[in-house]
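# Secondary and tertiary structure notes
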Amino acid sequence: MLVLGIESSCDETSAAVVENGKKLLSCKVISSLDIHRKFGGVIPEIASRMQLASISFIVEEALLKAGISLDKINLISVTDTPGLLGSLLVGQSFAKAISISKDIPVLGINHIHSHIYANFLEHKNISFPFVALVVSGGHTSLFYVPGFEEIKLLGSTSDDACGEAFDKVAKLLGLKYPGGPEIEKLAKSGSPKAIKFKCSQTKSPFDFSFSGIKTAVLYLLKNSQGKISKADIAASFQETVIDVLIEKSVLACKHYKAKTLLIGGGVASNSRFRDKLLLAQKINKLNIFIPPKNLCIDNAAMVAGLGYQLYKRNGGKNAY
Ligand code: KG4
Ligand code: ZN
């Protein structure tokens, strides 16, 4: 079964062709990030206008690279929530237009769930049930997953998303947007133990809170008047956040007696996070899966893959 995936939830426009939910035949991604960078964050109106201009081209490119004509596509899988409204509308309208003109079923997919699926495009032998952590610019969510149709939310952030905290702290440190990769770079020359930061307590052990640590960085910078190394701040902030992410994910695995943990989302491309997950895997005797870095960021391959799985199980009942 050949699935055309379409993703346009934030600043990326992406199209992919995936066979039987596993074999990636093509995945094209274009981003308007360079334009947003000078504003220090994504401007929704600019994102959707750029997506409108590029969606047709990017879908054609994906089909061309896969060597598949539109007539051979069996399903269109498109991100339908959550995301920027105008951006989502571009992808969905385009998907529905192809669906009607070529009589191909179309399925709407949850963007956060698709970040979990990115793992299945790369790794074999992932067994259910598992715990999944999605850490991106807009979301920080922990799930318990007994099957693709049952993705149960255990907890999420009560304020800033994890990637958002990286972006805001980077701004305080005078770094570029998006802040995650910049903090990772700066942290390499700092000590993760230099400053004792803490993430705020949450009511549920599976929820997250990152706005307190962001404020702690703000006051530290104000009060230290340039005397504390920015590299030490970046390294200590990064370490504290990563430790909390791992600690809560491992706790969820123990609580739900799951031996497998899946990670997804933009923050999962952080090298320090990936290294510490390997360590946590050994210590806690878990199987931890992380997608390759190119599948951690927003892409349509993960949308196509999850679409295949849900369509196969529901016989198309989810289609618009
Ligand atoms: O999943 P994603 O590409 O888009 C959303 O769905 O939000 O995630 C983007 C977020 C941004 O906040 C960015 O700063 C963060 O992921 N990010 C990182 C790294 N690379 C991207 N955070 C920490 N370390 C990184 N290396
Ligand atoms: Zn995302």
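This structure is a prediction, so every number in the text was calculated from the model and none was measured.

Here the focus is the coordination of the zinc ion (ligand 2). On the protein side, the zinc ion (ligand 2) has His111 (NE2), His115 (NE2) and Asp298 (OD) as donor atoms, found 2.0 to 2.2 Å from it. Seen from the zinc ion (ligand 2), its four donor atoms lie at angles of 93 to 148°, and the figure they make is irregular. In primary sequence terms, the donor set of the zinc ion (ligand 2) follows H-x3-H-x182-D. Of this pair, His115 sits in helix H4 (residues 111-122) while Asp298 sits in the loop between helix H10 (293-296) and helix H11 (300-314), and the two are 183 residues apart along the sequence. We classify His115 as buried; its relative accessible area is 1%.

So, about the packing of helix H8 (residues 230-255) against helix H9 (residues 271-284). In the contact formed by H8 and H9, the axes pass within 10 Å of each other and the chain directions differ by 35°. You can see that H8 and H9 cross each other, and the crossing is right-handed. Taken together, the residues of H9 that come into contact with H8 (itself represented by Gln238, Glu239, Ile242, Asp243, Leu245, Ile246, Val250 and Lys254) are Arg272, Phe273, Lys276, Leu277, Ala280 and Asn284.

Within the fold, Leu70 resides in the loop between helix H2 (44-66) and strand E4 (75-81). Each C-alpha atom, one on Leu70 and one on Ser31, is 24 Å from the other, the two residues being 39 residues apart in sequence. Discounting residues that sit within four places of it in the chain, Leu70 has contacts with Leu4, Leu63, Ile98, Lys102 and Ile104.

What the five strands build is an open sheet, ordered E3-E2-E1-E4-E5; its pairing is mixed. Both edges of this open sheet fall to strand E3 (23-31) and strand E5 (106-110), since each of them pairs with a single strand only. When the angles between neighbouring strand axes are averaged without regard to direction, this sheet yields 20°. Sheet analysis places strand E1 (residues 2-7) next to strand E2 (residues 12-19), joined by six bridges and oriented antiparallel. Bridge pairing in E2 places Leu2 opposite Glu19.

Turning our attention to the sheet that holds strand E6 (residues 130-135). The strand order across the open sheet formed by five strands is E8-E7-E6-E9-E10, and the pairing between neighbours is mixed. Edge positions in the open sheet fall to strand E8 (150-156) and strand E10 (287-289), since each of these has one partner strand only. The mean inter-strand angle of the sheet, taken between neighbouring strand axes irrespective of direction, is 20°. Sheet topology note: the strand E7 (residues 140-147)/E8 ladder contains five bridges and is antiparallel. For Tyr144, the partnering residue across the bridge sits in E8 and is Lys152. H4 rests against E6, E7, E8, strand E9 (260-264) and E10 of the sheet, and its axis sits at about 115° to E6. This element, H9, spans E6, E9 and E10 of the sheet and lies at about 165° to E10.

The subject of this paragraph is the packing of helix H6 (residues 179-187) against H8. Running from N to C, H6 and H8 point in directions that differ by 115°, and their axes come no closer than 8 Å. Two packed elements cross with a definite hand, and for H6 against H8 that hand is left-handed. Here Ile183, Glu184, Leu186 and Ala187 of H6 come into contact with H8, specifically with Lys230, Ala231, Ala234, Ala235, Phe237 and Gln238. Split into classes, the residues belonging to the contact of H6 with H8 amount to seven nonpolar, one polar and two charged.

Near ligand 1 you find 20 residues, and of these Gly137, Asp167, Glu184, Gly266 and Asn270 are the closest. A distance of 3.4 Å separates an oxygen atom of ligand 1 from a polar side-chain atom of His115. A distance of 3.3 Å separates an oxygen atom of ligand 1 from a polar side-chain atom of Asp298. Protein chains bury 89% of the 560 Å² of accessible surface belonging to ligand 1 in isolation. Looking at the shell around ligand 1, the elements with two or more residues in it are H4, helix H5 (162-172) and H6. With four residues, the top contributor of residues to the shell around ligand 1 is H6.

Counted at 1.5 Å a residue, the expected span for helix H3 (residues 85-102) with its 18 residues is 26 Å, and the 26 Å between its end C-alpha atoms agrees. Turning to H3, its buried residues are Ser87, Leu88, Val90, Gly91, Gln92, Ala95, Ile98 and Ser99. Looking at the buried residues of H3, the elements they touch are E1, H2, E4 and E5. Looking one or two residues beyond H3, the residue adopting positive phi is Asp103, at roughly 55°.

Cut-offs used in this document
Residues numbered from 1 in each chain as written. Chains lettered and ligands numbered in written order. Predicted model: local features only at pLDDT ≥ 70, side-chain atom pairs only at ≥ 80, totals over all residues. Heavy atoms only, no water. Donors = N, O, S within 2.8 Å, 3.2 Å for Na, K, Ca; no water. Tetrahedral: all angles 85-135°; square planar, octahedral: opposite > 155°, others 65-115°. Helix = DSSP H or I, 4+ residues; strand = E, 2+ residues; numbered from the N terminus. Buried < 20%, exposed > 50% of the residue type's maximum accessible area, 1.4 Å probe, protein only. Axes fitted to C-alpha atoms, helices over the stretch in contact; angles between N-to-C directions. Left-handed = near helix turned anticlockwise from the far one by under 90°. Contact = heavy atoms within 4.5 Å. Pairing = 2+ DSSP bridges. Nonpolar A, V, L, I, M, F, W, Y, C, P; charged D, E, K, R; others polar. Near = heavy atom within 4 Å. Polar contact = N/O pair within 3.5 Å; in protein donor to acceptor, adjacent residues only side chain to side chain. Areas by Shrake-Rupley, 256 points an atom, 1.4 Å probe, with all protein chains shown as cover. Expected span 1.5 Å × (residues − 1).

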